[in-house]
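Architecture and fold: a report
Given next are the chains, with one letter for each unit.
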Amino acid sequence: MANRHIVILGNGIAGITCARHLRKKDDQVRISVISGESPYFFSRTALMYVFMGHMKFEHTQPYESWFWEKNRIELIHQWVTEVDFSSKKLIFSTGNSLDYDSLVLATGSKPNKFGWPGQDLQGVQGLYSKQDLELMEKNTGPEVQRAVIVGGGLIGIEMAEMLAYKKIPVTFLVREKGFWDNVLPKEESELVGRHIHEHHIDLRLETELKEILSDSKGRVRAVVTSLGDEISCEFVGLTAGVSPNVDFLRNTELKVNRGVKVDAFFQTNIPDVYAIGDCAEFENPPAADRRNIEQVWYTGRMHGETLAHNLCKKPVPYQPGIWFNSAKFLDIEYQTYGTVPPKWDDSKLKSFYWEHASGKISFRMLMNSAHQILGVNNFGFRLRHEFFDEAIREKWSGEKVISKLDKANFDPEFFAPYYMEIQKAFKTQFGGKFQPAKKSFIQKLFGASV
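Note that this is a predicted model, so its numbers are computed, not measured.

Across its full length, the chain holds 12 helices and 25 strands. What you see for the chain is a C-alpha radius of gyration of 24 Å, in line with the 22 Å of a compact globule of 450 residues. Referenced to the eigenvectors of the C-alpha coordinate spread, the extents of the chain come out at roughly 70 × 60 × 45 Å. Counting only residues that meet the buried cut, the chain has 50% of its 450 residues in that class. Of the contacts formed within the chain by residues at least 6 apart in sequence, a portion of 60% connects residues at least 24 apart. In the structure as shown, the chain presents an accessible area of about 21300 Å², 49% of it carried by carbon and sulfur atoms.

Written out as structure tokens, the structure is:
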């Protein structure tokens, strides 16, 4: 259809990637991107650095403002309150509307709330959007003597770092027995937990929020925990995960569960309506080790690129490849490749774990019964994504992975060569025909050591 109008609702990584690739593939299509959050696409993971004063908000925008006009991508800064699917029309909060030929829903996530008493008091909030950042800047003034964070995920640790940077004491309530232990194995969870304590953050495990108490002006003054403790505070961060931002799409003909239901081509149950990114929920997981909802930056990018192809050329199913993710726990960087669940059956899987004497650096490799690599966790140093993507895809033996581990070393020459210690530890535990690497002359000269 000549000059068809594709409207993308949401300008996060999924929506913007889709828009960019649509323009690359089709010079005639009309592309509109709608967002009430911000006029321009920005890097959501950089919000914490804006809060800490390391950068300005405009520095989080990867593209100059002229980029959109040059590529004829129309940006509409509006909140959408309703979608009229039968008329192919979007209704804005202003009462205006916009017609579409094809609609891409890329509405992202919103912080979870679980009906806690007092969760809507002033000074209580999540952290996801630009508006959340602006609210947090208002809510963390000099009157805040202590903050309480509820929920132990990646957003929680980011918020803890942000508050600690501003010298605001933090109490961290985590319902699990270990920090993020629904994702991390016991040793890695304990490593992160120790690191949190070292930063003078009051981490309280196996502790849940029961109630948030108000002062006479409707602002938070304290929380009550599941253990009956009352903790005085002037700020509460709700970081118990996120969920698809789809409430305004419920009670319509669109099929919505936790997210907008899509097939492997991102098609919904309504013709010409698609969903990508955090708000999309696959009818069937895209791979055996993947979830129905993928809320990671790089998967959003892949969603957008795949859908752009499907809207312009012969459709192909989404094929995500080997899972990976990265994050930062205060000063410790984390990477994971492939499959490393928090628990496994030792009679079926083999685990190799090495931890540096500092207690801040570790490496784990999980293997199947044939000693083929399934996945890797590493903390405190960087490894090359391409190396492990190839190793897992080609089902290398654990011995082969470890023997070539120097090729995975991302850090420059003068960094401590941790892979040497890892090779020695692996050979001690599992044996192998390879010889652990030795320090180079340069490394000896400059004293790079573990």
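All told, the structure shown has 28 salt bridges when counted by the stated rule. One salt bridge in this structure joins Glu187 and Arg364, with 2.6 Å as the shortest N-O distance. Here Glu187 is found in helix H6 (residues 186-198), whereas its partner Arg364 is found in strand S24 (residues 362-367), with 177 residues between them in sequence. Judged by relative accessible area, which is 3%, Arg364 ranks as buried. Measuring nitrogen to oxygen at the nearest pair gives 3.1 Å for the salt bridge that ties Arg194 to Glu355. Within this pair, whereas Arg194 is found in helix H6, its partner Glu355 is found in strand S23 (residues 350-355), the two being separated by 161 residues in sequence. Relative accessible area serves as the criterion here: at 31%, Glu355 is assigned to the partly exposed category. One network of salt bridges, in which partners are shared, links Lys255, Lys261, Glu281 and Glu283.

Glancing now at the pairing of strand S14 (residues 220-225). Most of S14 is tucked away, with five of its six residues classed as buried. As paired strands, strand S13 (residues 209-214) and S14 are joined by five bridges and run antiparallel to one another. Each bridged residue has a counterpart across the sheet, and for Ser214 the counterpart in S14 is Val220. With three bridges joining them, S14 and strand S15 (residues 230-232) adopt antiparallel strand pairing. Among the inter-strand pairings, Val224 is bridged to a residue of S15, identified as Glu230. Between the antiparallel neighbours S14 and S15 lie four residues, among them Gly228 with a positive phi of about 90°.

The subject of this paragraph is the sheet that holds strand S4 (residues 80-84). On the basis of which strands lie adjacent, the open sheet formed by three strands has the order S4-S5-S6 and antiparallel pairing. Of all the strands in the sheet, the pair left with one neighbour each is S4 and strand S6 (97-99). On average, each strand axis in the sheet is tilted by 20° relative to the strand beside it, whichever way the strands run. Bridge analysis of S4 against strand S5 (residues 89-92) gives four bridges, and the strand direction is antiparallel. Looking at S5, one finds that Glu82 is bridged to Ile91.

The computed volume of the second largest pocket comes to approximately 330 Å³. For the second largest pocket, the lining is made up of 17 residues, of which Asp181, Pro185, Lys186, Glu187 and Ser189 are closest to its centre. Contributing elements (two or more residues each) for the lining of the second largest pocket: H6 and strand S12 (202-205). A per-element tally of the lining of the second largest pocket places H6 first, with six residues. Of the residues belonging to the lining of the second largest pocket, the class tally is seven nonpolar, four polar and six charged.

Here the focus is the environment of His195. For His195, the location among the structural elements is in helix H6. For His195, a relative accessible area of 3% gives the class buried. Note: C-alpha distance between His195 and Gly237 (42 residues apart in sequence) is 20 Å. Among all residues touching His195, those that are not within four sequence positions of it are Phe329, Leu330, Asp331, Ile332 and Lys360.

Looking at where Glu281 falls in the secondary structure, it is placed in strand S20 (residues 280-282). As for Glu281 and His195, which are separated by 86 residues in sequence, their C-alpha atoms are 34 Å apart. Setting aside anything within four residues of it in sequence, one finds Glu281 in contact with Asn257, Arg258, Gly259, Val260, Lys261, Val262, Asn292 and Ile293. Polar contacts involving the side chain of Glu281 include one to the main-chain amide nitrogen of Arg258, which spans 3.0 Å.

Looking now at helix H4 (residues 130-139). Residues of H4 that are buried: Lys130, Asp132, Leu133, Met136 and Asn139. Those residues of H4 that are buried are in contact with helix H2 (47-51), strand S8 (109-111), strand S9 (124-125), helix H5 (154-165) and strand S16 (235-238). If you check the start of H4, you find a side-chain oxygen 3.3 Å away from the backbone N of Gln131, and it comes from Ser129.

Calculation criteria
- Residues numbered from 1 in each chain as written.
- Predicted model: local features only at pLDDT ≥ 70, side-chain atom pairs only at ≥ 80, totals over all residues.
- Heavy atoms only, no water.
- Helix = DSSP H or I, 4+ residues; strand = E, 2+ residues; numbered from the N terminus.
- Rg over C-alpha atoms; globule rule 2.2 N^0.38 Å.
- Buried < 20%, exposed > 50% of the residue type's maximum accessible area, 1.4 Å probe, protein only.
- Contact = heavy atoms within 4.5 Å.
- Areas by Shrake-Rupley, 256 points an atom, 1.4 Å probe, with all protein chains shown as cover.
- Salt bridge = Lys/Arg side-chain N within 4 Å of Asp/Glu carboxyl O.
- Pairing = 2+ DSSP bridges.
- Axes fitted to C-alpha atoms, helices over the stretch in contact; angles between N-to-C directions.
- 1 Å grid on protein atoms, 1.4 Å probe; cavity = no way out; pocket = protein on both sides within 12 Å on 5 of 7 lines; lining within 4 Å.
- Points joined across faces, edges and corners; volume = space filled by probe spheres on them.
- Nonpolar A, V, L, I, M, F, W, Y, C, P; charged D, E, K, R; others polar.
- Polar contact = N/O pair within 3.5 Å; in protein donor to acceptor, adjacent residues only side chain to side chain.

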